Amino acid sequence: MSDNADMKSEKINELRKIVEKSDNIVFFGGAGVSTESGIPDFRSVDGLYNQKYKYPPETIISHSFYLRNPEEFYRFYKDKMIFADAKPNKAHLKLAELEREGKLKAVITQNIDGLHQMAGSKNVIELHGSVHRNYCERCHAFYNLDYIVNSDGVPKCEKCGGTVKPDVVLYEEALNDENMSDALRYISEADTLIIGGTSLVVYPAAGLVRYFRGRKLVVINMSPTQSDANADLLIADKIGDVLGSL
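All of these numbers come straight from a predicted model, not from anything done at the bench. (Residues numbered from 1 in each chain as written. Predicted model: local features only at pLDDT ≥ 70, side-chain atom pairs only at ≥ 80, totals over all residues. Heavy atoms only, no water.)

Caption draft 1: Broad picture of the sheet that holds strand S6 (residues 164-168). As summarised here, the arrangement of the three strands in space is S5-S4-S6, forming an open sheet in which the pairing is antiparallel. The open sheet has two edge strands, strand S5 (142-143) and S6, and neither has a second partner. As paired elements, strand S4 (residues 129-136) and S6 share five bridges and run antiparallel to each other. Paired with Gly 129 across the two strands is Val 168, which belongs to S6. (Pairing = 2+ DSSP bridges. Helix = DSSP H or I, 4+ residues; strand = E, 2+ residues; numbered from the N terminus.)

Structure (structure tokens):
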């Protein structure tokens, strides 16, 4: 066994011990949790921000662009932000298992794909919303993901003809106050905080981890994060491989 494999094995054993000793774990995750399910993240070499479009992706998924050019917004949104066939990976499944065991109290995610719920997690705080929830802007009627996927152009409400908007936080939009408050409470009360699959660069969501006052901070991410220096355990590896090894 190589030195790297030895070190990885030691770190996973250390993580296993941390999990065994804690019954108040909170998981804070980002795009890296979903990349192993085939969903590209926005900032990696192969991510959406490094592909070429008529408009920059940051512009397209802004609230002002959505209002100004809904046709172009939806063309991009359906093509590049919906992955209806994606399935939960080992990270999602392990987190759901830890919740069933009573160890994990909440999953706080920046992802919008709904894979945590698909894996069986019940208490999921979706800071940036979900592609699975869509509402008419005029009468607030609910529509599921299939309705958006199967609509032509801009999806319209069958009841009143209003535009159906995804319950996804766009640039220029504020995060849900209740979600932020719940996330802050879970993090501040946690005994163990596991940060995984996020470089902690998207604010205000990333600022939540500063409220952790518990015993063990674990960071699992392929690239450096702003919490590395404070971590009790730092694992530079794929989140699915690490959690799947527990």
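Having seen the model, we can carry on.
Caption draft 2: How the structure looks around the layout of surface pockets. Put simply, the second largest pocket is a space of about 210 Å³. Lining the second largest pocket are 15 residues, with Gly 129, Pro 166, Asp 167, Val 168 and Val 169 positioned closest to its centre. For the lining of the second largest pocket, the elements supplying multiple residues, two or more each, are S4 and S6. Counting residues per element, the lining of the second largest pocket draws most heavily on S6, at four residues. Its residues assigned to classes, the lining of the second largest pocket shows six nonpolar, four polar and five charged. (1 Å grid on protein atoms, 1.4 Å probe; cavity = no way out; pocket = protein on both sides within 12 Å on 5 of 7 lines; lining within 4 Å. Points joined across faces, edges and corners; volume = space filled by probe spheres on them. Nonpolar A, V, L, I, M, F, W, Y, C, P; charged D, E, K, R; others polar.)

Caption draft 3: Examining unusual backbone geometry more closely. Going from Tyr 203 to Pro 204, the amide bond is cis rather than trans, its omega being 10 degrees. Phi is positive for His 140, which is not a glycine, with a value near 65 degrees. Within the secondary structure, His 140 sits in the loop between S4 and S5. Of note in this structure, Glu 172 is not a glycine but carries a positive phi near 85 degrees. With respect to the element layout, Glu 172 can be found in the loop between S6 and helix H9 (177-189).

Caption draft 4: Structural view of the pairing of S4. Relative to S5, S4 is paired through two bridges, and the arrangement is antiparallel. Residue pairing for S5: Tyr 135 is matched across the bridge by Phe 142.

Caption draft 5: Highlighting H9. Its 13 residues place the ends of H9 18 Å apart at the C-alpha level, agreeing with the 18 Å of an ideal helix rising 1.5 Å per residue. Every buried residue of H9 is accounted for by Met 180, Ala 183, Tyr 186 and Ile 187. When H9 is viewed along its axis, its buried side chains cluster within an angular range of 135 degrees and face the same direction. Structural note: H9 exposes Asp 177, Glu 178 and Glu 189 on the side pointing more than 90 degrees away from its buried face. Summarising the contacts, the buried residues of H9 are in contact with strand S1 (25-29), strand S2 (104-109), strand S3 (124-126) and strand S7 (192-196). Taking the backbone nitrogen of Glu 178 as reference, a side-chain oxygen 2.9 Å away marks Asn 176 as the first, capping residue of H9. (Expected span 1.5 Å × (residues − 1). Buried < 20%, exposed > 50% of the residue type's maximum accessible area, 1.4 Å probe, protein only. Arc of directions from axis to C-beta. Contact = heavy atoms within 4.5 Å. Polar contact = N/O pair within 3.5 Å; in protein donor to acceptor, adjacent residues only side chain to side chain.)

Caption draft 6: View of the sheet that holds S3. Strand order in the open sheet made by the six strands is S3-S2-S1-S7-S8-S9, with parallel pairing throughout. A single partner strand is all that each edge strand has here, and the edge strands are S3 and strand S9 (233-235). Across this sheet, the average inter-strand angle for adjacent strands is 15 degrees, counted without regard to direction. Summarising the sheet, strand S8 (residues 216-220) and S9 pair through three bridges and their orientation is parallel. Considered in S9, the bridge of Ile 220 is made with Ile 235. Its contacts with the sheet put H9 on S1, S2, S3 and S7, and the angle it makes with S3 is roughly 135 degrees. (Axes fitted to C-alpha atoms, helices over the stretch in contact; angles between N-to-C directions.)

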